[in-house]
Amino acid sequence: MKNLLQTNTGRLRIIGFLEGTSLLILLFIAMPMKYVFEMPFLTRPIGTVHGALFLLFIFNTLSVGVEQNWKFKDTTWKVLLACIIPFGTFYIDSKILSKIKNQ
């Protein structure tokens, strides 16, 4: 874990994990509680945390893309798209981010 904090790619992987987890909590816990059980108290705090992590993920993706000389049409768009799709950040971590050399 300490090694991940020392590089931009490692930080992106951590943020991706947290962003993906917050999206899953929002979609599968907070939203059903709001609309099925009429208990909306979780949507605001979890939504706020998810929004902040979403923005951090986007900015860090662009930073790592520049650092790694990714071509937007080859790699960057895939990583950016991953943060919108449930389980996407976990998939992109295993297929792209974990294979970057300078972690």
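What counts, and at which threshold
Residues numbered from 1 in each chain as written. Predicted model: local features only at pLDDT ≥ 70, side-chain atom pairs only at ≥ 80, totals over all residues. Heavy atoms only, no water. UniProt positions renumbered as here; feature names shortened; annotations may be inferred. Helix = DSSP H or I, 4+ residues; strand = E, 2+ residues; numbered from the N terminus. Buried < 20%, exposed > 50% of the residue type's maximum accessible area, 1.4 Å probe, protein only. Arc of directions from axis to C-beta. Contact = heavy atoms within 4.5 Å. Patch = residues over 30% accessible without salt bridge, like charges linked within 9 Å, V, L, I, M, F, W, Y side chains within 5 Å. Areas by Shrake-Rupley, 256 points an atom, 1.4 Å probe, with all protein chains shown as cover. Salt bridge = Lys/Arg side-chain N within 4 Å of Asp/Glu carboxyl O. Phe/Tyr/Trp six-rings, centres within 6.5 Å; stacked < 30°, edge-to-face > 60°.

Looking at an unreviewed UniProt entry, one finds the chain named DUF3817 domain-containing protein and attributed to Flavobacterium bizetiae. The annotation that UniProt attaches to the chain under Subcellular location (unreviewed entry) is "Cell membrane".

Enquirer: Sorry, what's going on with the UniProt feature "domain: DUF3817" (unreviewed entry) in the chain here?
Expert: The feature "domain: DUF3817" (unreviewed entry), as given by UniProt, occupies residues 10-96 in the numbering adopted here. As annotated, residues 10-96 has a helix share of 80% and a strand share of 0%, and its two end C-alpha atoms lie 12 Å apart.

Enquirer: What is the right way to look at helix α4 (residues 72-82) in this model?
Expert: Residues spaced three or four apart along an α-helix point in a common direction, a consequence of the helix completing one turn every 3.6 residues. Within α4, burial applies to T75, T76, V79, L80 and A82. Looking straight down α4, one finds that the buried residues subtend no more than 165° of arc, so they occupy a single side. Of the residues in α4, the exposed ones pointing more than 90 degrees away from the buried face are F72 and K73.

Enquirer: Sorry if this is basic, but what is going on with the side chain of T76 here?
Expert: Summarising the element assignment, T76 is placed in helix α4. Those residues in contact with T76 that lie beyond four places of it in its chain are T61, L62, G65, W70 and K71.

Enquirer: Please clarify how the environment of L55 should be interpreted in this entry.
Expert: Position of L55 relative to the elements: it lies in helix α3 (residues 43-67). When its relative accessible area of 46% is taken as the criterion, L55 is described as partly exposed.

Enquirer: It is not clear to me how unusual backbone geometry should be interpreted in this structure. Could you clarify?
Expert: A negative phi angle characterises most non-glycine residues, just as the trans form characterises most peptide bonds. Backbone geometry places E38, a non-glycine residue, at a positive phi of 55°. The residue E38 is located in the loop between α2 (8-35) and α3 in this model. Assessed through its relative accessible area of 69%, E38 is described here as exposed.

Enquirer: Just checking my understanding: could you explain the side chain of S22 for this structure?
Expert: The residue S22 is located in helix α2 in this model. Once residues lying within four places of it in the same chain are set aside, the contact partners of S22 are I46, H50 and L53.

Enquirer: What exactly am I supposed to notice about a nonpolar patch on the surface here?
Expert: Taken together, the side chains of L55, F59, L62, F72, W77, L81, I84 and I85 present a nonpolar region at the surface, about 800 Å² in accessible area. Listing elements by their share of the nonpolar patch, those giving two or more residues are α3 and α4. On the basis of relative accessibility, which here comes to 56%, the residue F59 falls in the exposed class.

Enquirer: For this particular structure, what's the right way to read the packing of aromatic side chains?
Expert: Each aromatic ring pair is characterised by the separation of its centres together with the angle its planes make. According to the stated counting rule, one finds two aromatic pairs in the structure shown. Seen from their ring centres, F17 and F90 are 5.8 Å apart, and the 70° between their planes marks the pair as edge-to-face. Of this pair, F17 sits in helix α2 while F90 is found in helix α5 (residues 88-95), placing the two residues 73 residues apart along the sequence. Of the residues examined, F90 reaches a relative accessible area of 27% and is grouped as partly exposed. Three or more aromatic residues link up through ring pairs in this structure, and these residues are F17, F87 and F90.

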